[in-house]
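Here are the chains, one letter per residue:
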Amino acid sequence: MAAAYRQLAEQDEGADLSRDEWLGLMLDREAAMRADRRLTNRLAAAKLRFLDACIEDIDFASRRGLDRRNTLQLAQGAWQKAHENLIVTGQTGTGKTWLACAFGRQAARLDHSVLYLRVPPLFEDLALARLDGRFPPLIDKLARVQLLILDDWGTHTLNDQQRLDLLEIFEERYWRRSTMITAQLPVAQWHDMIGEPTIADAILDRIIHNAHRIVLEGDSMRRKKPHAP
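Conventions we followed
Residues numbered from 1 in each chain as written. Predicted model: local features only at pLDDT ≥ 70, side-chain atom pairs only at ≥ 80, totals over all residues. Heavy atoms only, no water. Helix = DSSP H or I, 4+ residues; strand = E, 2+ residues; numbered from the N terminus. Buried < 20%, exposed > 50% of the residue type's maximum accessible area, 1.4 Å probe, protein only. Polar contact = N/O pair within 3.5 Å; in protein donor to acceptor, adjacent residues only side chain to side chain. Salt bridge = Lys/Arg side-chain N within 4 Å of Asp/Glu carboxyl O. Expected span 1.5 Å × (residues − 1). Arc of directions from axis to C-beta. Contact = heavy atoms within 4.5 Å. Core = buried A, V, L, I, M, F, W, Y, C linked by side-chain atoms within 4.5 Å.

The next subject is the environment of Ser-62. Mapped onto the fold, Ser-62 is located in the loop between α2 (19-46) and α3 (68-75). The buried category is assigned to Ser-62, whose relative accessible area is 15%. Each C-alpha atom of the pair Ser-62 and Thr-94 lies 9.9 Å from the other, and the pair is 32 residues apart in sequence. Side-chain polar atoms of Ser-62 contact the side chain of Asp-59, separated by 2.7 Å.

On inspection of all chains with the given rule, the structure shows 10 salt bridges. Across the salt bridge formed by Arg-42 and Asp-111, the nearest N and O atoms sit 3.1 Å from each other. Remark: Asp-111 occurs in the loop between α5 (96-109) and β2 (114-118) and Arg-42 occurs in helix α2; sequence separation between them is 69 residues. Note on Asp-111: relative accessible area 34%, which makes it partly exposed. The partner of Glu-171 in a salt bridge is Arg-206, with the nearest N and O atoms 2.5 Å apart. Of this pair, Glu-171 sits in helix α8 (residues 160-173) while Arg-206 sits in the loop between α10 (197-205) and β5 (211-215), and the two are 35 residues apart along the sequence.

As for its placement among the helices and strands, Thr-92 is situated in the loop between β1 (85-89) and α5. With relative accessibility at 44%, the residue Thr-92 sits in the partly exposed group. Through-space distance from the C-alpha of Thr-92 to that of Leu-216 is 9.8 Å; in sequence the pair is 124 residues apart.

All right, on to α8 then. With 14 residues, α8 should cover 20 Å at 1.5 Å per step; its first-to-last C-alpha distance of 20 Å lies within 8% of that length. Among the residues making up α8, those that are buried are Gln-162, Arg-163, Asp-165, Leu-166, Ile-169, Phe-170 and Arg-173. Down the axis of α8, the buried set is contained in an arc of 165 degrees. They therefore lie on one face. The inward-facing, buried residues of α8 abut α6 (119-132), α7 (135-144), β3 (147-153), β4 (178-183), α9 (190-194) and α10. Looking at where α8 begins, the residue whose side-chain oxygen comes 3.1 Å from the main-chain nitrogen of Gln-161 is Asn-159. Positive phi shows up at Trp-175, right after α8, with a value of about 60 degrees.

Let us now look at the nonpolar core. In this structure, Leu-126, Leu-142, Leu-150, Trp-153, Phe-170, Trp-190 and Ile-207 are the most contacted members of the largest nonpolar core, which totals 33 residues. Here this core gets 5 residues from one element, more than from any other, and that element is α6. When sequence neighbours within four positions are dropped, the list of residues in contact with Phe-170 reads Leu-150, Trp-153, Thr-179, Ile-181, Ile-203, Arg-206 and Ile-207. If you look at the next biggest cluster of nonpolar residues, it comprises 28 residues, including Ala-75, Leu-86, Ala-107 and Ala-108.

Here you go:
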């Protein structure tokens, strides 16, 4: 507000403003700066893989089954307010990770906390956390973030401990927070990937039935242009 006051004082048009108009402009500047600072902090905490990914740059012209109307509707964030999930599947190179980061940035713009994680390193971190005493706070962190993005889901069959870890995470988030998952593996094959039928049923029940889905098709975008959205 002080910076806005000095700027107004240096401008000739500032002399024509009323006291209330001065105050309104200073408050607007303060609110904008706080919003920018909050967005910067949220994006830093999100650890998005593609920092420049955003909804406005999505390539809808490429033939990969990405519906413009549905995507832009999802970008409005109603599914996050309802604590629903979003699943993006497709072959490697179709832009799943980039799209997830774009939704992550959009969620941060809507003032949601966001965390991007690749699933294989997440399992490694969970295993180490169990040994050094960080497991409870790590699970709490994963449970509290408003949008958890899990990239590279289903790259390998899970072991017993990984299944239990996933179940605990999704149990804590169920109808409380939103999760976005990207995977090459079609949803129909997730049950077999998880492995143990009873636990697979429990995990998928907490993911799938309240999830929106985007299925990307076509050839790899990397063959057309590097770092394509």
